[in-house]
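One-letter residues, chain by chain:
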Amino acid sequence: MASESSQATVLVTRRVPRAVLDAIARHATLRIWEGDNPIPRETLLEWLPGCAGLYCMLTDRIDPEVLDAGSSLRVISQMAVGVDNIDLSACTARGIPVGNTPGVLTETTADLALALILATLRRVIESAAFIKAGQWVTWRPMELVGRDLHHSTVGIIGFGRIGKAVAKRLRGFDCHILYTQRSPDPDAARLGAAYVDLPTLLASSDVVTLHCPLTVETRGLIGARELAQMRQEAILVNTSRGPVIDQAALVEALAAGRIAGAGLDVTDPEPIPSDSPLLSMPQVVVLPHIGSATIATRTKMAELAADNLIAGLAGKRLPHLANPAVYPEA
Ligand code: NAP
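Structural notes, computed from the coordinates. Starting afresh in each chain, residues are numbered from 1 along the sequence in its written order. For this predicted model, a pLDDT threshold of at least 70 governs which residues receive local features, and a threshold of 80 or more governs which side-chain atom pairs are given and counted, while totals over whole chains, interfaces and linings are taken from all residues. Side-chain metrics in this entry use all non-hydrogen atoms of the structure; hydrogen atoms and water are not considered.

### Re helix 7 (residues 161–171)
Burial analysis of helix 7 places eight of its eleven residues in the buried class, the great majority of the element. Classification of residues uses two cut-offs on accessible area relative to the type maximum, computed with a 1.4 Å probe and protein chains only: under 20% is buried, over 50% is exposed, and between them is partly exposed. Labels follow the DSSP assignment, with helices taken as runs of H or I lasting at least four residues and strands as runs of E lasting at least two, numbered in each case from the N terminus. Every buried residue belonging to helix 7 is among Ile162, Gly163, Lys164, Ala165, Val166, Ala167, Arg169 and Leu170, and all of these are buried. In this analysis, two residues are considered to be in contact whenever any of their non-hydrogen atoms come within 4.5 Å of each other. Contact partners of the buried residues in helix 7: helix 5 (106–121), strand 6 (153–157), strand 7 (176–180) and strand 9 (207–210).

### As for the sheet that holds strand 8 (residues 193–195)
If you walk across this open sheet you meet the seven strands as 8-7-6-9-10-11-12, and the pairing is parallel. Edge positions in the sheet fall to strand 8 and strand 12 (284–286), since each of these pairs with one other strand and no more. Strand-to-strand, the axes of this sheet are offset by a mean angle of 20°, without reference to chain direction. With axes taken as lines fitted to C-alpha atoms, and helix axes fitted only over the stretch in contact, angles between N-to-C directions fall between 0 and 180 degrees. Sheet strands touched by helix 5: strand 9, strand 10 (235–238), strand 11 (261–264) and strand 12. Its angle to strand 10, the strand with the most contacts, is close to 150°. Lying on the sheet, helix 10 (residues 247–255) is in contact with strand 10, strand 11 and strand 12; it crosses strand 11 at an angle near 145°. For two strands to count as paired, DSSP must find a minimum of two bridges between them.

### Re the site of the ligand
Residues are classed as near a molecule or strand on a simple rule: at least one heavy atom within 4 Å of it. The full set close to the ligand counts 25 residues, and Arg161, Ile162, Gln181, Arg182 and Asp265 are the nearest of them. Pairs of N or O atoms within 3.5 Å make up the polar contacts considered here, provided that, within protein, one atom can donate a hydrogen while the other can accept it, and that residues adjacent in sequence are counted only when both atoms are side-chain atoms. Between the ligand and Arg241, the relevant distance is 3.4 Å, taken from an oxygen atom to a side-chain nitrogen or oxygen of the residue. Here the ligand has 920 Å² of accessible area as a free molecule, and 86% of this is covered by the chains. Side-chain classes are defined by residue name, with Ala, Val, Leu, Ile, Met, Phe, Trp, Tyr, Cys and Pro counting as nonpolar, Asp, Glu, Lys and Arg as charged, and the others, Gly among them, as polar. Here the residues of the shell around the ligand are counted per class, giving seven nonpolar, 13 polar and five charged. What sets the accessible areas is the Shrake-Rupley method with a 1.4 Å probe; for residues, cover comes only from the shown protein chains.

### Re the side chain of Ser292
The topology assignment puts Ser292 in the loop between strand 12 and helix 11 (295–313). Within the structure, the side chain of Ser292 is placed 3.0 Å from the side chain of Arg298, a separation counted as a polar contact. Dropping the residues within four chain positions of it, Ser292 is found in contact with Leu105, Thr108, Thr109, Thr297, Arg298 and Met301.

### What to know about a negative patch on the surface
Residues form patches when they are more than 30% accessible in relative terms and have no salt bridge. Like charges link within 9 Å. Nonpolar side chains (Val, Leu, Ile, Met, Phe, Trp, Tyr) link within 5 Å. Salt bridges are defined as contacts in which a side-chain nitrogen from Lys or Arg sits within 4 Å of a carboxyl oxygen from Asp or Glu. Residues scored as positive are Lys and Arg, those scored as negative are Asp and Glu, and His as well as the terminal groups of each chain are ignored. To locate a charge, the coordinates of NZ of Lys, CZ of Arg, CG of Asp or CD of Glu are taken. Taken together, the side chains of Asp246, Glu252, Asp268 and Glu270 present a region of like negative charge at the surface. Mapped onto the elements of the fold, Asp268 is located in the loop between strand 11 and strand 12. Using a relative accessible area of 35% as the deciding quantity, one classes Asp268 as partly exposed.

### As for the nonpolar core
Counting 53 residues, the largest nonpolar core has Val10, Tyr55, Leu149, Ile156 and Leu170 as its most contacted members. Buried residues of nine kinds, namely Ala, Val, Leu, Ile, Met, Phe, Trp, Tyr and Cys, make up a nonpolar core once their side-chain atoms join them within 4.5 Å. With 29 residues, the next largest nonpolar core counts Leu201, Ile222, Leu264 and Ile272 among its residues.

### A look at the sheet that holds strand 1 (residues 9–12)
For sheets, the rule is that strands pair by backbone hydrogen bonds, running either parallel or antiparallel. Here we have five strands laid out as an open sheet, ordered 2-1-3-4-5, and parallel in their pairing. Of all the strands in the sheet, just strand 2 (29–32) and strand 5 (98–99) have a single pairing partner and so form its edges. Bridge count for strand 1 against strand 2 is four bridges, and the pairing is parallel. Across the sheet, Leu11 pairs through a bridge with Arg31, a residue of strand 2. Contacting strand 1, strand 3 (53–56), strand 4 (75–78) and strand 5, helix 11 crosses the sheet at an angle of about 175° to strand 4.

### Concerning the packing of helix 5 against helix 7
Orientation of helix 5 relative to helix 7, taken along the N-to-C sense of each, is 55°, at an axis distance of 8 Å. With respect to their mutual orientation, helix 5 and helix 7 come out oblique. For helix 5 against helix 7, the interelement crossing comes out right-handed. Contacts between helix 5 and helix 7 involve Thr106, Glu107, Thr109, Ala110, Asp111, Ala113 and Leu114 from the former and Arg161, Ile162, Ala165, Val166, Lys168, Arg169 and Leu170 from the latter. Here the angle decides the label: under 35 degrees means roughly parallel, over 145 means roughly antiparallel, 65 to 115 means roughly perpendicular, and every other value means oblique. By definition, any crossing whose near helix is turned counterclockwise from its far helix by less than a right angle is left-handed, and any crossing with a clockwise turn is right-handed.

### Quick look at the packing of helix 1 (residues 18–25) against helix 11
Between helix 1 and helix 11, the shortest axis-to-axis distance is 9 Å and the interhelical angle comes to 10°. With respect to helix 11, the axis of helix 1 lies roughly parallel. Mapping the contact onto sequence places Val20, Ala23 and Ile24 in helix 1 and Ala302, Glu303, Ala306, Leu309 and Ile310 in helix 11. Of the residues contributing to the contact of helix 1 with helix 11, the split by class is seven nonpolar, no polar and one charged.

### Description of the pairing of strand 2
Residue alternation in strand 2 divides its side chains into two sets, Thr29 and Arg31 and Leu30 and Ile32, and both sets are buried. Orienting the strands away from the viewer, one traces the path from the first strand over the helix to the second; a clockwise path indicates a right-handed crossover. You can see the chain leave strand 1, run along helix 1 and come back into strand 2, and the turn it takes is right-handed.

### A word on the pattern of salt bridges
Summed over all chains, the structure comprises 20 salt bridges. Note that Asp84 and Arg241 form a salt bridge whose closest N and O atoms lie 2.9 Å from each other. Of the two residues, Asp84 is situated in the loop between strand 4 and helix 4 (88–93) and Arg241 in the loop between strand 10 and helix 10; the sequence distance between them amounts to 157 residues. Here Asp84 falls in the partly exposed class, since its relative accessible area comes to 32%. Across the salt bridge formed by Arg231 and Asp206, the nearest N and O atoms sit 3.8 Å from each other. Placement of Arg231 in the loop between helix 9 (224–229) and strand 10 and of Asp206 in the loop between helix 8 (198–204) and strand 9 is noted, with a sequence separation of 25 residues between them. The exposure class of Arg231 is partly exposed, given its relative accessible area of 29%. Salt bridges here are not isolated pairs; linked through shared partners, they connect Arg41, Arg61, Asp63 and Glu65.

Structure below.
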């Protein structure tokens, strides 16, 4: 769809709710990639020239080549909180503010983290597959036995919005909560969480759950050495970004029984190849990056991304800004 006039043009890289498109259309002419799959790179490069705004998704790689094509861009707004697909310093260097959608997806993503923790510990997906395959003969005392979440020790890596929302839920399970990140959080005591270093967290936890962003520092944060520091009965859960875990090392650790299982909402790459060994391991639950996927939350994310975009088009500070250094006073 491309009905263009003299007002600013915005490229929207995926179909989002109609009401959100209508809100943007009050401020700009839209160029929308209507496909259900990511906009092809060539199309993105071809459609960007002349656009003042880019409304994008985490599946779009926004690098210097894209920014060169979009030399008229005044704002980039992503419908996600994580912005690891965007070269933020290149955007800052060009004076382009980048918006993201923190907060509105916190509780929904924390719910999914709990679902993954429980599904992995209690072998929920494996048990459902077992019954569907007609393998259930009778109740057996030790069949499909899993591990308890209640009263277990859970280590949270990245104690930000989502990490804390996970901690809040874990208190209801009477868990002992440890966390690590670059600096201690003053809120942690209120949530009953103790700050420890990464090796202590790995060695002490029954569940290790990842909630840090993907950055140069966190890429490969959990590799062979860290997996070896985990307890053999422990599980690893990831609802952050796939490359935070060295996936080849994870496959090895799981195959060798060095850890008990994994629950992954995110993988490296995405989609995970259908022949990945992880998909045939019964102790592994893999989901297609559905952390924030509820109707209410995805709608709020789309609206927030529109608010950021419209502010940027008007030359105002974005309500949610991923690169504050873009403004001189920062
Ligand atoms: P946030 O509030 O910014 O929290 C991130 C936390 O990670 C911060 O407390 C930060 O503390 C910590 N951190 C940063 N660098 C670290 C490092 N090197 N080692 C350990 N901890 C580190 O972000 P959020 O809103 O909770 O979101 C977290 C991430 O979740 C997002 O970036 C996104 O990638 C992912 N996410 C995934 C889904 C999904 O669908 N699966 C949905 C939403 C979000 P310090 O700065 O003190 O280190």
